[in-house]
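# Survey of secondary and tertiary structure
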Amino acid sequence: MELSKNYIPQEVENKWNTIWKTGDYFKSVPDEREPFTVVIPPPNVTGVLHMGHTLNETVQDILVRRARMKGFNACWVPGSDHASIATEAKVVGMLKEKGIDKNRLTREEFLKYAFEWKEKYGGIIYHQIEKLGCSVDWDRVTFTMDKDYYGAVIKVFADLFNKGLIYRGARMINWDPVAKTALSDEEVEYRDEEGKLYHIRYALADADGNPLTTPAGEEGIVIATQRPETIMGDTAICVNPNDERYASLKGAFAVIPLINRRIPIIYDDYVDISFGTGALKVTPAHDINDYNLGLKHNLEIVDTLNEDGTLSEAAVIFVGDDRFVARKKVVTGLKEKGLIIKEEAYATRLGYSQRTGAVVEPRISTQWFLKMKELAAPALKAVLEGDIKIHPGDRFLATYKYWLENVKDWCISRQLWWGQQIPAWYDQKGNFVVAENETAARELYTQQYGANEEALRQDADVLDTWFSSWLWPMEVFKGISNPGNADIKYYYPTSVLVTGQDIIFFWVARMIMAGLEYNKEKSLPEAVPFKDVYFTGMVRDKLGRKMSKQLGNSPDLLQLIDEYGADAVRFGIMISSPAGNDLLFDTASLEQGKFFNNKMWNALKLVKMWEEKLSVDLPEDDVFATDWFASRLNEAKQHVDKLIGEFRLSEALKVIYSLVWDDFCSWYLEWVKPEYGQPIAAAVYYKTTNFFSELLQLLHPFMPFITEEINSVLGNRHLLCVKTTTVEGLVDEIRLSEGELLKQVITTLRDAKAKNQLKPKQEIIVFLQSADSKGYEAIIPVLSRQVNATDFKVVEEPVANCLNIVVGKDRLYIQAETPVDTAVQKEQLQKDLVYQKGFLESVEKKLGNERFVQNAKPEVVEMERKKKADAEAKIRAIEETLAQL
């Protein structure tokens, strides 16, 4: 088989995706093995994988592939959620392009279009997941609007309502005027912005309508607002009862400018006397604090905004204008009447819809709510007592704790058609019952209200998408729709959840609540939905900005895969992804992954060349290289296993990368490579291919395609994706230290030859002066070949007319036919001496710090003392060499 010059990822990836899928290598069914279960955080059915998803899916695949290779029955469930707001917006947009108005359709007609849209575009994200190499069980794809899943959501709603945890009521909620739906508090993103504060004068009048002035003789009362378009909804002016400036205004009225409607002056301690003018306009329909004041003082509620953010009939003026257009018109009108006293810049926090980007409006609306405090308590306990571990805990545990301790009731209804329709049925009078279906609802209605021949009307709203996805770890195994089935018994609780830190409240905390609520018969460790939660960082561009479509800085995943290959993309995003920390995405790291692929491919070609010239008669004269690499490999395997167990995946990849690139390709292969045209000992060759195979096993979870391909080309019959691996193996510390010494000496000797104009192939004789020359005995054969030394001698005294080299505490002398230039040597040694003295000074400074010596761990202090001794020895060796020169 002839290998291509460079690695060609497209051919390899298509080949192995087909093999994996047709061979059902990632299919999982319950058996006698221990399960390792992961459920994919369901991406929106509307979407494509962005770089945050790419990081998330790659991390999951690493953990799942590793578990499968360690003998677990690994089950990774893929799926997507219906994304009510986003999908409905896409479908409405599609209908507009066809000239169809949603408002002219029945609900059933709209849903038919929505499902057609989902069938057309919903598979895009699965194609991307497959292209990335994710080892999911494709037989378990789940969608939150599947029939069983839909029924499970309705079942849970009815159950929680019957438990008194769900209620319906009028509350001040967050309103998205673009999507025309309510939002939960967590779906609002706040941004610090600079706005304008308008100081507006309201006229004053007594009960009979006669003009009034303040005790200071001022005509009218001045209030300050950032939202002048809401003054038409004012129903009072509030002042502090202890504010002497307004004490005489009891029983008086203010007159709203432009519409001349009278509103009372009220008194409440809520108003801060020292803030602004001490007078507050009260607009109960458009501010939560004003709403509470209105309830307290029994004020009228005047809602001046329509659901789309335009001014309503109640505003009297500028009816039908967008709220921000109306703001400008109100300001202009007030200025014309001389009623704006001043304008000033004002720092404010503005809430935006996470889904549409629209500025959110506080709005009084009748909605469905879920009581959270009762559900939050056990969810907090599960994490604090360690039944669920958060990684990295030092960053996110406090955030989780704060949110659960300050949780508010969850607004779960949305004014949409795409989603699970709320199972509440109403009569003409507004009486309602909650049941899982209409038949059950009518029976319940008859029990509660008596027989009714009229048709019951189902609530038009749907449930928040998160109300379906909080059941995800259970319902992907039919744990709600078919409780007690074999899958839910075997796979639940899942092993680890990998997700973004931005949905810790939306999803993670709520899944824990649901899991505990619907597994109360189990012990706490068996009731939680997962045992570990790993939060990935935020993917940002190289300027530190969050990736977004608006900024145009979020690359297309499929284009990246086409350009670099899936393995290089996985490598690039993981190598720069420290646990839980934000990462700066740069295609340079993908280039690094591409180079890594080619490095391994070239190593494969080299090894396959050796295969053609095997000699079973050739003895394995020098076993140092193979012994050293066996220990180095075992050491790295154990280190990687520990790092992955601690979810330090980026660090684990760096260990493997260095092991493959440096230790195997750059050092080991060079040490065992036969002379050009010469055969290689069969024993060395087979050890080398075994090492290569073990490296591929170690790297496979991170870079599955190229490792599977090279493993196949090497002639291994078992696919890596299902090959069981172990981390046990002997580590010879002496061999490891000898290997490090060998690398250091080779590098130093090659560097010395280059700086003294000696050609790499020029033959030399090396003399060693060392207090521990025995430490060199094992490495002399490899060392001599690598530096082209015809002889290697141990001496007690310096050797004249040689290049003088210092390696640690040892001195080496290079004898060559070319005359020695001592000036070059002196210059280099002087530089080394300056560096070592500076290093020694910094170590001594640290050891001279009593606080450091007393507070640092003993092993850390001992390490610094060793550094000091080593530096002193190196300085002595350099000074002695300089003296001889």
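On to the overall build of the chain, then. Assigned secondary structure in the chain consists of 28 helices and 32 strands. The globule rule puts the C-alpha radius of gyration for 885 residues at 29 Å, and the 37 Å found for the chain is more than 25% above it. Counting only C-alpha atoms and orienting by the principal axes, one finds that the chain spans roughly 120 × 70 × 50 Å. Burial statistics for the chain: of 885 residues in total, 52% are counted as buried. A sequence separation of at least 24 residues applies to 78% of the contacts in the chain between residues at least 6 apart. A gap of 1 Å separates the mean positions of the 108 positive and 130 negative side-chain charges of the chain.

Here we take up the pattern of salt bridges. Under the criterion given, the structure shown has 49 salt bridges. The partner of Glu517 in a salt bridge is Lys163, and the shortest N-O contact between them spans 2.7 Å. Here Glu517, found in helix α15 (residues 504-517), pairs with Lys163, found in the loop between α6 (147-162) and β5 (166-176); they are 354 residues apart in sequence, far enough to count as distant. On the basis of relative accessible area, Lys163 is assigned to the partly exposed category, the value being 40%. With its nearest N and O atoms 3.3 Å apart, the salt bridge here joins Lys673 to Glu670. What makes Glu670 partly exposed here is its relative accessible area of 31%. Each of Arg227, Glu229, Arg323, Arg327 and Glu361 takes part in a single network of salt bridges with overlapping partners.

We now examine a nonpolar patch on the surface. A contiguous nonpolar surface patch, about 230 Å² in accessible area, is contributed by Val48, Tyr121 and Ile124. Residue placement: Ile124 occurs in helix α5 (residues 124-131).

If you walk through the whole model with that rule in mind, you get 46 aromatic pairs. On the numbers, 5.0 Å between centres and 15° between planes, the contact of Phe477 with Tyr491 is stacked. Taken together, the positions of Phe477 in the loop between α13 (472-475) and α14 (486-491) and Tyr491 in helix α14 put the pair 14 residues apart, joining distant regions of the chain. Pair check on accessibility: Phe477 and Tyr491 agree, each one buried. Centre to centre, the rings of Phe664 and Tyr668 are 5.7 Å apart; their planes meet at 15°, and the pair counts as stacked. Linking Phe664 with Tyr668, this pair stays in helix α21 (residues 649-672), spanning four residues, or about one helical turn. You'll find Phe664 and Tyr668 in the same group, each marked buried. In textbook terms, an aromatic cluster arises when at least three aromatic residues are bridged by ring pairs, as seen for Phe624, Trp628, Phe629, Phe664, Trp667, Tyr668, Trp671, Phe691 and Phe692. For Lys118, the ring lying beneath its charged end belongs to Phe143, and the centroid distance is 4.5 Å.

Strands pair in a sheet through their backbones, by hydrogen bonds, and they do so in one of two ways: parallel or antiparallel. Spatially, four strands are ordered β30-β29-β32-β31 in an open sheet, and the strand pairing comes out mixed. Edge positions in the sheet fall to β30 (789-794) and β31 (803-807), since each has one partner strand and no second. Between one strand axis and the next, the sheet turns through 20° on average, direction left out of account. The sheet strands contacting helix α24 (residues 733-755) are β29 (764-769), β31 and β32 (810-815), and the helix crosses β31 at an angle near 150°. Of the strands in this sheet, β29 and β30 are in contact with helix α25 (residues 780-787), which crosses β30 at around 135°.

Let's shift gears to the environment of Glu862. Summarising the element assignment, Glu862 is placed in helix α28 (residues 858-884). A relative accessible area of 46% places Glu862 in the partly exposed class. Separated by twelve residues in sequence, Glu862 and Glu850 have C-alpha atoms that sit 14 Å apart.

What follows is about the packing of helix α20 (residues 624-645) against α24. Between α20 and α24, whose axes approach to 9 Å, the crossing angle comes to 110°. One way to sum up the angle between α20 and α24 is to call them roughly perpendicular. Crossing handedness for the pair α20 and α24: left-handed. Here Phe624, Asp627, Trp628, Ser631, Arg632 and Glu635 of α20 come into contact with α24, specifically with Arg735, Leu736, Glu738, Gly739, Leu742 and Lys743. Grouping the constituent residues of the contact of α20 with α24 by class yields four nonpolar, two polar and six charged.

The rules behind the values
Residues numbered from 1 in each chain as written. Predicted model: local features only at pLDDT ≥ 70, side-chain atom pairs only at ≥ 80, totals over all residues. Heavy atoms only, no water. Helix = DSSP H or I, 4+ residues; strand = E, 2+ residues; numbered from the N terminus. Rg over C-alpha atoms; globule rule 2.2 N^0.38 Å. Buried < 20%, exposed > 50% of the residue type's maximum accessible area, 1.4 Å probe, protein only. Contact = heavy atoms within 4.5 Å. Lys, Arg positive; Asp, Glu negative; His and termini not counted. Charge placed at Lys NZ, Arg CZ, Asp CG, Glu CD. Salt bridge = Lys/Arg side-chain N within 4 Å of Asp/Glu carboxyl O. Patch = residues over 30% accessible without salt bridge, like charges linked within 9 Å, V, L, I, M, F, W, Y side chains within 5 Å. Areas by Shrake-Rupley, 256 points an atom, 1.4 Å probe, with all protein chains shown as cover. Phe/Tyr/Trp six-rings, centres within 6.5 Å; stacked < 30°, edge-to-face > 60°. Lys NZ or Arg CZ within 6 Å of the ring centre and 35° of its normal. Pairing = 2+ DSSP bridges. Axes fitted to C-alpha atoms, helices over the stretch in contact; angles between N-to-C directions. Parallel < 35°, antiparallel > 145°, perpendicular 65-115°, else oblique. Left-handed = near helix turned anticlockwise from the far one by under 90°. Nonpolar A, V, L, I, M, F, W, Y, C, P; charged D, E, K, R; others polar.

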